[in-house]
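What follows is the residue order along each chain.
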Amino acid sequence: MRKYRTAAVATASFLLMAGAGIAAPAAYAGVPGGTHASDRNSDFNGDGYEDVLIGAPGGTVSGKKGAGYVTVQYGASTGIGTRRAAVITQSTTGVPGSPETGDGFGRAVATGDLDADGYDDAIVGIPGEDIGTVADAGGITILWGSARGLSGANSDWLETAVPTAGEKFGSALAAARFSPDTPGDQLAVLKRDALELYAYEAVPQPQAQGRSVPLTRTARNRLAAGAEGREILPKSLTTGDYDDNGLADLVVSGVSVGEEPGHGWSVFLSGQVQGLVYERDLRGGPVAASGDIDNDGYDDLVTGEPHSPDDGGDWMTGGQVGVYYGSPDGPLGIEGAGSPPQWWTQGSPGVPGTVERGDGWGTDLSVADTNGDGYADVAIGAAGEDIGTVADAGAVWILRGSAGGLTATGATSWDQNSANVPGAAEKGDRWGGQVRLTDPNRDGRYGLLAAAPGENTSDGVVWVLSAGSGGVTASGSWTYGAGSLGAPSVDAGYGAAIDE
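The structure presented is a predicted model; accordingly, all values stated were derived computationally and were not measured.

**Student:** Please give an account of the packing of aromatic side chains that cites residues and values.
**Tutor:** Inspection of the entire model under this criterion finds six aromatic pairs. Between Tyr 242 and Phe 268, the ring centres sit 6.1 Å apart and the planes meet at 80 degrees, which makes this aromatic pair edge-to-face. With Tyr 242 in the loop between strand S13 (232-240) and strand S14 (249-256) and Phe 268 in strand S15 (residues 264-272), this residue pair connects regions lying 26 residues apart in the sequence. Neither Tyr 242 nor Phe 268 differs from the other in exposure class; each is buried. An angle of 85 degrees between the planes, with centres 5.8 Å apart, marks the rings of Trp 431 and Trp 463 as edge-to-face. In this pair, Trp 431 is assigned in the loop between strand S24 (407-414) and strand S25 (434-438) and Trp 463 in strand S27 (residues 461-465), connecting sequence segments 32 residues apart. Members of the aromatic cluster, each reached through a chain of ring pairs, are Trp 478, Tyr 480 and Tyr 494.

Written out as structure tokens, the structure is:
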């Protein structure tokens, strides 16, 4: 519980989300760094290798169930392992606050170089945090990168200007450079009914060992509703440079409310010299990720809609994934601005599997080049996929990028019963609840992390599938859980959030 504020939140500014209601956003999924997929920003110790940040929001800390924690694994020429890792909680020296039951530290995570010092920083959402007597107001901890990596030293705290019960500030996060006003990345934070933007400005102060980062006002534009006055319940954030102007764009993804509720919709805000500018609404969501699938210099937007009502009012059987391709005008549908995306399902020609009710195809997404051919591929999680008669065991797909865009040629899929994949499909594992393509050994080929937050009665486990010249392979794959990193594992939900 927090009973005080740091100076870093004194001038918080915010954008209202028109018509937004109570949200329960998923963890941030998207392309960090503000431009292309190759500009990912999760190198916390500045050694040139990509690091991995994972949340365990259900973890027990200091006897408090659901207080939560995060782990960081540092990349190296050999990739990631379980030795070069750290566990950070609100009991870690220097981290603001203290662990409390249900805080959910690590429910959302993101990265960005907020203070422009060359080391990427970790942003940790704590949506269940109580502020004084205000329940579930939510908060954020910023862990500053350094040559030694992440620690609790000099950590900063953010909360909304007026904490409100149930607001769950920090439910979804993204960091990127949306305008040239500040030297570092700006931070976008989703809460129940608003999107807030924060920017940091380096100001040397002796008491902070030569570095301090007070908050400065940066948000100016009201987040408008679309031309049709559509209202959405926001759930996630992603960034990418869809118009290739050198500044990050922001996509707020959610589901529709009102007369036709439950359909995936997103709001596209373009990064401009004057800041974020509302452009248009996009069909698709509430999951989203970005990367350059056709290698044309423009990031492309991929949306996931694991559950959506169809026109008859019944729940869509298996889920769908939409692809918008970048252009000078931002992400475009198949017939230009304002048109639907290119839709993909398990029923699309060449995609392995069969469409079944409740599959949740598109539960999570990640976009990066798995085979080094220059085209970003798309990893798709389906946490509700049944494996034989085993309900909700989960599975993961990879569809390939090409000069013509996303293709099913060479598409692959795995589950826990696949050859060379450790473990066995079990009811409720929800394998693929989080997916991330990552290159911690810097060889230009992005391997797969696939999390099963429901594994071992909600302890959570992460699978590592490496990548070679043919892309991701199950050969040599291995698993680890929170216990492998020295963290409390029981009901931790390890892998419920993986930074993209």
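More follows now that the structure is in view.
**Student:** Break down the pairing of strand S10 (residues 186-190) for me, citing the residues and quoting the values.
**Tutor:** Most of S10 sits out of view: five of its five residues are buried. With burial as the criterion, each face of S10 is covered, one bearing Gln 186, Ala 188 and Leu 190 and the other bearing Leu 187 and Val 189. When S10 meets strand S11 (residues 194-200), the two strands line up antiparallel, connected through four bridges. Bridging across to S11, Val 189 finds its partner in Glu 196.

**Student:** Before we move on, could you go through the sheet that holds S25 and cite the residues and values that matter?
**Tutor:** The sheet built from four strands is open, its strands ordered S25-S26-S27-S30 with antiparallel pairing. Every other strand in the sheet has two partners, leaving S25 and strand S30 (478-481) as the edge strands with one partner each. Across the sheet, the mean angle separating the axes of adjacent strands is 20 degrees when strand polarity is ignored. Pairing of strand S26 (residues 447-452) with S27, which is carried by five bridges, proceeds in the antiparallel orientation. Bridge pairing in S27 links Ala 451 to Val 462.

**Student:** Talk me through unusual backbone geometry; I want residue IDs and the actual numbers.
**Tutor:** The residue after Gly 285, namely Pro 286, is reached through a cis peptide bond having omega 10 degrees. Looking at where Pro 286 falls in the secondary structure, it is placed in the loop between strand S16 (275-283) and strand S17 (287-291). Residues other than glycine seldom take positive phi values, yet Lys 168 does so here, at roughly 55 degrees. Relative to the assigned elements, Lys 168 resides in the loop between strand S8 (156-158) and strand S9 (172-176). The phi torsion at Arg 442 lies on the positive side, around 60 degrees, for a residue other than glycine. Checked against the element boundaries, Arg 442 lands in the loop between S25 and S26.

Rules used in this analysis
Residues numbered from 1 in each chain as written. Predicted model: local features only at pLDDT ≥ 70, side-chain atom pairs only at ≥ 80, totals over all residues. Heavy atoms only, no water. Phe/Tyr/Trp six-rings, centres within 6.5 Å; stacked < 30°, edge-to-face > 60°. Helix = DSSP H or I, 4+ residues; strand = E, 2+ residues; numbered from the N terminus. Buried < 20%, exposed > 50% of the residue type's maximum accessible area, 1.4 Å probe, protein only. Pairing = 2+ DSSP bridges. Axes fitted to C-alpha atoms, helices over the stretch in contact; angles between N-to-C directions.

On their own, these measurements won't tell you what the molecule is for.
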